[in-house]
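Structural overview
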Amino acid sequence: MSPFDFMTPLETTVQRSSRSNRQSSNSSQAQVHPSELGRIYWQSLIVNAAKFSVRARSSTAASLRPAQFLPWLASLVYRLGRYIVIPAYFKSIEVTGREHVPLSGPVILAPTHRSRWDAFLVPYAVGHDITGRHLHFMVSADEVVGCQGWLIRHLGGFPVDTRRPGVASLRHGVELLKAGKMLVIFPEGDIFRGDEVQPLKPGLARLALQAETIQPGLEIQIIPIHLHYSHPMVPWKSRVKIQIGAPLRVANYHLGAPKIDAQQLTSGLLESLRELANTSSI
């Protein structure tokens, strides 16, 4: 094997060119024009950039694959949050409406999104210790990186490419609903610090309706949840109120016109969240 096989394309091209030029120079004293070396350099740079882009796309595709859910890890992390971290950080936590959460069957929890604390407070309100059910969070693929990504994926979180949320990226969510699991999807998308409920993204409704289409009679229920913090930036010793609303039955919106059905289901969920927000004072 030639030593050149271990070089990058840039090193190989330039060094081979230089070697050839030296040989040519020794025989005829000719020299390569600087513009020729510049052309070789930029061609090699483009080749390397293309290969890096392919590797990046492959890495992103791999990160979108769901990982094995580890119940023992979820129990450990959420118990740590419930009994140590959350009580130490918050002055008070009020939870209302737990009776609305089904103890079986496919469920989508649809909380407002006001802080990164939401990911701990939703399990605090309706997680395994309360309902006997593990939660599976839908998260942006941008969040599922490094050690944080490993933890999220093995806690039951599954990444979705929010820039291109196609059917393939939502397939795992549909499979979880078909298996009767409980999903958590933040329908506003991003974190918003104000009290007003923001316009909802259509993805949640489309996912629920798609699952009902694939498996009629699935009876998916969507549970609106409103989180209200006493301070928008949630400093230490903040107070929080978590309100759980009555479920919306997806079958009631599954009338056969997918686009209209999704719009109506999204509007119904938005109305439910805003009704909770009107009674959220602490």
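Quick note: structure is the one above.
Figured I'd write up the structure that's included with this text. These numbers come from a predicted model, not from an experiment.

Reading guide: rules and limits
Residues numbered from 1 in each chain as written. Predicted model: local features only at pLDDT ≥ 70, side-chain atom pairs only at ≥ 80, totals over all residues. Heavy atoms only, no water. Helix = DSSP H or I, 4+ residues; strand = E, 2+ residues; numbered from the N terminus. Buried < 20%, exposed > 50% of the residue type's maximum accessible area, 1.4 Å probe, protein only. Contact = heavy atoms within 4.5 Å. Lys, Arg positive; Asp, Glu negative; His and termini not counted. Salt bridge = Lys/Arg side-chain N within 4 Å of Asp/Glu carboxyl O. Polar contact = N/O pair within 3.5 Å; in protein donor to acceptor, adjacent residues only side chain to side chain. Phe/Tyr/Trp six-rings, centres within 6.5 Å; stacked < 30°, edge-to-face > 60°.

Attention now moves to the environment of V184. One can find V184 in strand 5 (residues 182–184). Given a relative accessible area of 0%, V184 falls into the buried group. Once the C-alpha coordinates of V184 and P111 are considered, the two residues, 73 residues apart in sequence, prove to be 7.7 Å apart. If we skip the residues at most four places from it in the chain, V184 touches L109, P111, V122, L135, H136, F137 and M138.

Our next topic: the environment of Y83. Considering the arrangement of structural elements, one finds Y83 in helix 3 (residues 71–89). Using a relative accessible area of 52% as the deciding quantity, one classes Y83 as exposed. Remark: the alpha-carbon pair of Y83 and Y124, spanning 41 residues in sequence, is separated by 9.5 Å.

This part covers the side chain of D118. Within the secondary structure layout, D118 lies in helix 4 (residues 118–126). Buried charge without a salt bridge: D118, with R114 as the nearest opposite-charge side chain at an N-O distance of 6.4 Å. A distance of 2.7 Å separates a polar atom in the side chain of D118 from the backbone nitrogen of R114. The residues contacting D118, other than those within four sequence positions of it, are T112, H113, P123, F186, L227 and Y229.

The next thing to look at is the pattern of salt bridges. Counted according to the given criterion, the structure contains five salt bridges. Salt bridges linked by common partners bring R79, R82 and D129 together as one network.

All right, on to the packing of aromatic side chains then. Following the criterion strictly, the structure yields six aromatic pairs and no others. Here Y89 and W117 contribute two aromatic rings whose centre-to-centre distance is 4.5 Å and whose plane-to-plane angle is 35°, an arrangement assigned as tilted. Pair noted here: Y89 is in helix 3 and W117 is in the loop between strand 2 (107–111) and helix 4, with a separation of 28 residues, a long-range link. Overall, W117 belongs to the buried group, its relative accessible area being 18%. Aromatic pair F90 and W117: ring centres 5.1 Å apart, planes at 75°, arrangement edge-to-face.

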